[in-house]
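Here's the letter readout for the chains.
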Amino acid sequence: MSRREIALEKISRYRGELMGAAMLFIVFFHVGLPRTDMFFGLRRMGNVGVDMFLFLSGMGLWFSWMRNSQSLPSGSHPSFISFYKRRFLRIYPAWLLVASVFYISKYLEGPQYSANIVDLIGDITLNWDFWLHDELTFWYIPATMMLYIFAPFYMELVRRHPVFRWLPVAMVMWCVIVQYVLPIHQAVGHIEIFWSRVPIFFIGVNMGEWIRQKKTIDGSAIWLILWLFVMSLAACIYLEQMRHGKFPLFLERMLYIPMTVSGLLLLCELFSLVPQWVRRSLTFVGTISLEMYLLHVQFVLLYIEKWGWSYWPKVLVCLALSLPLAWVLHKMIEFLIKPIEKRMK
């Protein structure tokens, strides 16, 4: 490979580091900053960490699906049931534990989240108030599980008929329809935060094949990648800093798509240059990113925000408290699910 070429395979090689960076961006986004602060728009860009996670998740699913497909006889396809068991085992136990602690404690305080026992069970098992009422406390978990339900059908479709890789274009069209076609908006517009993240997940699935085959891009494309990243980032910062609350958010999340793909490629080039300890630190954060997501807002940041500190002290204390808590939860869940995974193998 020429030194000038950009290796897409780096996205897989640095997947742990990228997930760690995405988690840090999400923490930066969640820590409060006054609307009048000159860095408010930049801080809002941490929201793109969600899109990074979804892209990397889609890519990882494609790797797993193709690995299982190639081990089967010709004409066969991987077991959907086996796929669901493995994937949900990685998410659901941590979710169930954290959701039980959170929603039961809130229910005992009063009907702030769950109106009755049935609603409480639905919140703990499915987080169904997200789907019914756009309750955003842990919205990423039900959204991810829903994407996992449809992912194997999509992956098998594009494996057999690659032309269907164009479907994310239709998903972008659907986001516009949800926003502006009133009957549809009234029916499902309340979960716009989910619809506007669907395209990047399946784009991650699509690019997974190029990454798996270790495709490269001509080195001159680095200027195009930089241009896409800077243009999308600058536009989003302007929208957030100057017009926050005055435009449909799905429009900005469409800009997140080129920002995510170009940003991941640029981060990979950066990770090729940084010291190993930096990469190891980010990989550690990426390993516990699910637990970090579940814990850092409702169990840590909610209380730190009451102290009235400035932005960066809040960020540092949030990380200092959330990381060890997330690691302990990760080890607990790992201890519980390892016997189940061994039986599955």
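For the structure, see preceding data.
For clarity, every value in this text was computed on a predicted model and none was experimentally measured.

(A) Here's a closer look at unusual backbone geometry. Despite not being glycine, Asp 134 has its phi angle at roughly 60°, a positive value. Following the sequence through the fold, Asp 134 ends up in the loop between α7 (128–133) and α8 (140–160). Here Lys 214, not a glycine, exhibits a phi torsion of approximately 55°, which is positive. The topology assignment puts Lys 214 in the loop between α12 (198–212) and β2 (216–217).

(B) Summary view of the environment of Ala 326. Here Ala 326 shows up in helix α17 (residues 311–344). Separated by 63 residues in sequence, Ala 326 and Gly 263 place their C-alpha atoms 26 Å apart. Setting aside chain neighbours within four positions, we find Ala 326 in contact with Ile 288, Glu 291, Met 292 and Leu 295.

(C) Geometry of the pattern of salt bridges. Scanning all chains against the criterion turns up 10 salt bridges. A salt bridge links Arg 197 to Asp 51; the shortest N-O distance between them is 3.1 Å. On the criterion of sequence distance, the pair formed by Arg 197 in the loop between α11 (192–195) and α12 and Asp 51 in helix α4 (residues 48–70) is long-range, its members being 146 residues apart. What makes Asp 51 buried here is its relative accessible area of 0%. Put simply, Glu 156 and Arg 159 hold a salt bridge, and the shortest N to O gap is 2.7 Å. Taken together, the residues span about one helical turn, with Glu 156 and Arg 159 both in helix α8 at a distance of 3 residues. The exposure class of Arg 159 is partly exposed, given its relative accessible area of 27%.

(D) Focus on the nonpolar core. Ile 11, Leu 18, Phe 55, Ile 141, Phe 201 and Leu 294 are the most contacted members of the largest nonpolar core, which totals 99 residues. Among the elements that line this core, the one with the most residues is α4, at 13 residues. Look past the residues within four positions of Ile 141 in its chain and what remains in contact with it is Ile 91, Trp 95, Leu 290, Tyr 293 and Leu 294.

(E) Local environment of the packing of helix α9 (residues 167–180) against helix α14 (residues 249–271). Their axes nearest at 10 Å, the elements α9 and α14 cross at an angle of 170°. Our classification of the angle between α9 and α14 gives roughly antiparallel. Along the contact surface, α9 presents Val 172, Cys 175, Val 176, Gln 179 and Tyr 180, while α14 presents Phe 250, Leu 251, Met 254 and Ile 257. Here the contact of α9 with α14 is built from residues that sort into 8 nonpolar, 1 polar and no charged.

(F) Up close: the packing of aromatic side chains. Applying the stated criterion across every chain yields a total of 29 aromatic pairs. Between the aromatic rings of Phe 83 and Tyr 84, the centroid separation amounts to 5.7 Å while the plane-to-plane angle is 70°, which identifies the pairing as edge-to-face. Judged on exposure class, the residue Phe 83 and its partner Tyr 84 are both buried. Relative to Trp 312, the ring of Tyr 311 has its centre 5.1 Å away and its plane inclined at 85°; by these criteria the two rings are edge-to-face. What makes Tyr 311 buried here is its relative accessible area of 12%. One aromatic cluster is present, built from ring pairs that chain together Phe 53, Phe 130, Trp 131, Trp 139, Tyr 140, Trp 174, Phe 194, Trp 195 and Tyr 293. The side chain of Arg 165 reaches across the aromatic face of Trp 62, ending 5.0 Å from its centre.

(G) Local environment of the packing of α9 against α12. Two elements in contact, α9 and α12, have axes whose closest approach is 9 Å; the angle formed by their N-to-C orientations is 175°. Compared by their axis directions, α9 and α12 come out roughly antiparallel. Within the contact between the two elements, α9 uses Pro 168, Met 171, Val 172 and Cys 175 and α12 uses Val 198, Pro 199, Phe 202, Ile 203 and Asn 206. Its residues placed into classes, the contact of α9 with α12 shows 8 nonpolar, 1 polar and no charged.

(H) α14, seen in detail. The first and last C-alpha atoms of α14 sit 31 Å apart over 23 residues, in line with the 33 Å expected at 1.5 Å per residue. Taken as a whole, α14 carries its principal kink of about 25° at Tyr 256; the proline Pro 258 stands between one and four residues after it. Burial analysis of α14 places 17 of its 23 residues in the buried class, the great majority of the element.

(I) Just the side chain of Lys 10, in detail. One can find Lys 10 in helix α1 (residues 10–13). Here Ser 272 takes part through its side chain, which lies 3.2 Å from a polar atom of the side chain of Lys 10.

(J) Main features of helix α13 (residues 222–243). In this model, α13 (22 residues) spans 31 Å end to end at C-alpha, consistent with the 32 Å of a helix rising 1.5 Å per residue. Among the residues of α13, those classed as buried are Ile 225, Ser 232, Cys 236, Leu 239, Glu 240 and Gln 241. Where α13 is buried, its residues meet β1 (6–7), α3 (40–44) and α14. Looking one or two places after α13, you find Gly 245, whose phi comes out positive at around 85°.

(K) Summary view of a nonpolar patch on the surface. Where nonpolar side chains cluster on the molecular surface, the patch consists of Leu 97, Val 101, Phe 284, Trp 327, Val 328 and Met 332 and spans about 510 Å² of accessible area. Contributing elements (two or more residues each) for the nonpolar patch: α5 (80–109) and α17. Ranked by residue count, the leading element in the nonpolar patch is α17, at 3 residues. Looking at where Val 328 falls in the secondary structure, it is placed in helix α17.

About the cut-offs
- Every chain's residues receive numbers from 1 upward, in the order its sequence appears when written.
- Per-residue local features of the predicted model are confined to residues with pLDDT of at least 70, and side-chain atom pairs are confined, for both listing and counting, to 80 or more; whole-chain, interface and lining totals are unaffected and use all residues.
- In computing side-chain properties, one takes all heavy atoms of the structure into account and sets aside hydrogens as well as water.
- Labels follow the DSSP assignment, with helices taken as runs of H or I lasting at least four residues and strands as runs of E lasting at least two, numbered in each case from the N terminus.
- For this analysis, residues touch if any pair of their heavy atoms sits within 4.5 Å.
- Here, a salt bridge means any side-chain nitrogen of Lys or Arg that lies within 4 Å of a carboxyl oxygen of Asp or Glu.
- Here the term buried applies to any residue with accessible area under 20% of the maximum for its type, exposed to any over 50%, and partly exposed to those in between, with areas from a 1.4 Å probe on protein chains only.
- Side-chain atoms within 4.5 Å link the members of a nonpolar core, which is a set of buried Ala, Val, Leu, Ile, Met, Phe, Trp, Tyr and Cys residues.
- Comment: axis = line fitted to C-alpha atoms, over the contacting stretch for helices; angle = value between 0 and 180 degrees taken between N-to-C directions.
- By definition in this entry, angles of less than 35 degrees are roughly parallel, angles greater than 145 are roughly antiparallel, angles of 65 to 115 are roughly perpendicular, and the rest are oblique.
- Classification convention: Asp, Glu, Lys, Arg as charged; Ala, Val, Leu, Ile, Met, Phe, Trp, Tyr, Cys, Pro as nonpolar; all other residues, Gly among them, as polar.
- Centres within 6.5 Å are what make two rings of Phe, Tyr or Trp a pair, Trp counting through its six-membered ring; a difference in plane orientation under 30 degrees is then read as stacked, over 60 as edge-to-face, and the rest as tilted.
- Only when the NZ of Lys or the CZ of Arg is both within 6 Å of the ring centre and within 35 degrees of the ring normal is a charge said to sit over the ring.
- One less than the residue count of a helix, multiplied by 1.5 Å, gives the span that helix is expected to have.
- Note on bend: at a given residue it equals the angle between the axes fitted to the 7 residues ending there and to the 7 starting there.
- We define a polar contact as two N or O atoms separated by no more than 3.5 Å, with the added condition that, inside protein, one atom must be a possible hydrogen donor and the other a possible acceptor, whereas residues neighbouring each other in sequence contribute only through side-chain atom pairs.
- Only residues whose relative accessible area exceeds 30% and that take part in no salt bridge are eligible for patches, with like-charged residues grouped when within 9 Å of each other and nonpolar side chains (Val, Leu, Ile, Met, Phe, Trp, Tyr) grouped when within 5 Å.
- The Shrake-Rupley method, run with a 1.4 Å probe sphere, supplies the accessible areas, and residue values consider only the shown protein chains as cover.

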